[in-house]
Amino acid sequence: MILVVFLYLSSFLTITFTKAFITPVLIAKYCPSSSSSHFTINSTYHSNLKLLLSYLSSNPSTIYTSNGLSQVIFRNAVAGQAPDEVYGLFLCRRDLNSTTCQDCVTYAARYVTLVCPTGKLAVTWFDECHLQYSNQSLFSVLSQNPSVGVPNTENVTEPDKFDDSVLSLMNAAASKAADSPDKFAGAKKENFRVNETLYGLVQCTQGLSSRDCFTCPSSGQC
Ligand SMILES: *[C@@H]1O[C@H](CO)[C@@H](O)[C@H](O)[C@H]1NC(C)=O
Ligand SMILES: *[C@@H]1O[C@H](CO)[C@@H](O)[C@H](O)[C@H]1NC(C)=O
Ligand SMILES: *[C@@H]1O[C@H](CO)[C@@H](O)[C@H](O)[C@H]1NC(C)=O
Ligand SMILES: *[C@@H]1O[C@H](CO)[C@@H](O)[C@H](O)[C@H]1NC(C)=O
Ligand SMILES: *[C@@H]1O[C@H](CO)[C@@H](O)[C@H](O)[C@H]1NC(C)=O
């Protein structure tokens, strides 16, 4: 699963926390519509899911280090046994600190149980982190489904030129991310119009191959 953040919409939900808390900005969410993709309350799958989400949002015990920096940005986990296994992962933006990451994942885990209480799978995309779970393995797997499109709410002048610029920018960022050890890259295009700069960001989950990491953002499908 790949996180491409360049446009976002915000949304509002009341989840309260006792300590000072950085509330993440929701970009999009996915909850399956088909009833066959939902589980029964208090089933084994449900208790496995609760275990999984509490593990993912617990205080970091394992640390993913990259470039010598000790920072949790990614974790994947599995809970239970077939046929009730639940797989899950989170990915935080590489350029944010651990507190922001932790808060985002904790929030996302609560949020997902509210907006998708019985989904066998669900995905949440925030500006700061991404959290998803499924009854199928997610680790090292290129997943282009579910995907969501987030429309730009601003008008652009010369939309064809803008689209071309975005595509080539994201291609460059995807190529850099695919080859970087932490699968993260930012890119910018100065003066794509007079005095205007375009910024892009690509980040893939750890464990994804370079090729898969490049595929998603460059195809515009993820
Ligand atoms: C996951 O759930 C879907 C929908 O119920 C089902 O079709 C699929 O076979 C399940 N996959 C596994 C690996 O259990
Ligand atoms: C699920 O389990 C909880 C705790 O045991 C119980 O309070 C609740 O009524 C149960 N819900 C359903 C729908 O069975
Ligand atoms: C982490 O980043 C947030 C948001 O930028 C900031 O408010 C917070 O003070 C930072 N925390 C640490 C420990 O650096
Ligand atoms: C964008 O353009 C459309 C059509 O000209 C207009 O109706 C809309 O209000 C504009 N939106 C913004 C955010 O300017
Ligand atoms: C671009 O920026 C320069 C320096 O700030 C300014 O002099 C110039 O008028 C700007 N051009 C446009 C088209 O906004």
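It should be emphasised that the depicted structure is a prediction, and the values quoted were computed from it without experimental measurement. (Residues numbered from 1 in each chain as written. Chains lettered and ligands numbered in written order. Predicted model: local features only at pLDDT ≥ 70, side-chain atom pairs only at ≥ 80, totals over all residues. Heavy atoms only, no water.)

### Observations regarding the overall build of the protein chain
Within the protein chain one finds four helices and 10 strands. Counting across all 222 residues of the protein chain, residues that qualify as buried make up 45%. Across the protein chain, every contact between residues at least 6 apart in sequence was considered, and the portion connecting residues at least 24 apart equals 66%. Counting every atom, the protein chain has about 11,400 Å² of accessible surface; 51% of that belongs to carbon and sulfur. (Helix = DSSP H or I, 4+ residues; strand = E, 2+ residues; numbered from the N terminus. Buried < 20%, exposed > 50% of the residue type's maximum accessible area, 1.4 Å probe, protein only. Contact = heavy atoms within 4.5 Å. Areas by Shrake-Rupley, 256 points an atom, 1.4 Å probe, with all protein chains shown as cover.)

### A closer look at helix H1 (residues 44-56)
A rise of 1.5 Å per residue sets the reference length of H1, with its 13 residues, at 18 Å; its end C-alpha atoms lie 18 Å apart and thus fit the reference within 8%. Along H1, the residues that are buried comprise Tyr45, His46, Asn48, Leu49, Leu52, Leu53 and Leu56. For H1, the angular spread of the buried residues around the axis is 160 degrees, confining them to a single face. Tucked into the core, H1 has its buried residues touching strand S5 (74-79), strand S6 (86-92), helix H2 (98-115) and strand S8 (129-134). (Expected span 1.5 Å × (residues − 1). Arc of directions from axis to C-beta.)

### Points about the pattern of salt bridges
Summed over the entire model, instances satisfying the criterion amount to five salt bridges. Across the pair Arg93 and Asp127 runs a salt bridge, and its minimum N-O distance is 3.8 Å. Separated by 34 residues along the polypeptide, Arg93 in the loop between S6 and H2 and Asp127 in the loop between strand S7 (122-126) and S8 bring together distant segments of the chain. With a closest N to O distance of 3.5 Å, Glu196 and Arg193 form a salt bridge. The exposure class assigned to Glu196 is partly exposed, which follows from its relative accessible area of 35%. Of the residues examined, Arg193 reaches a relative accessible area of 14% and is grouped as buried. Look at the salt bridges and you will find they share partners, linking Arg93, Asp95 and Asp127 into a network. (Salt bridge = Lys/Arg side-chain N within 4 Å of Asp/Glu carboxyl O.)

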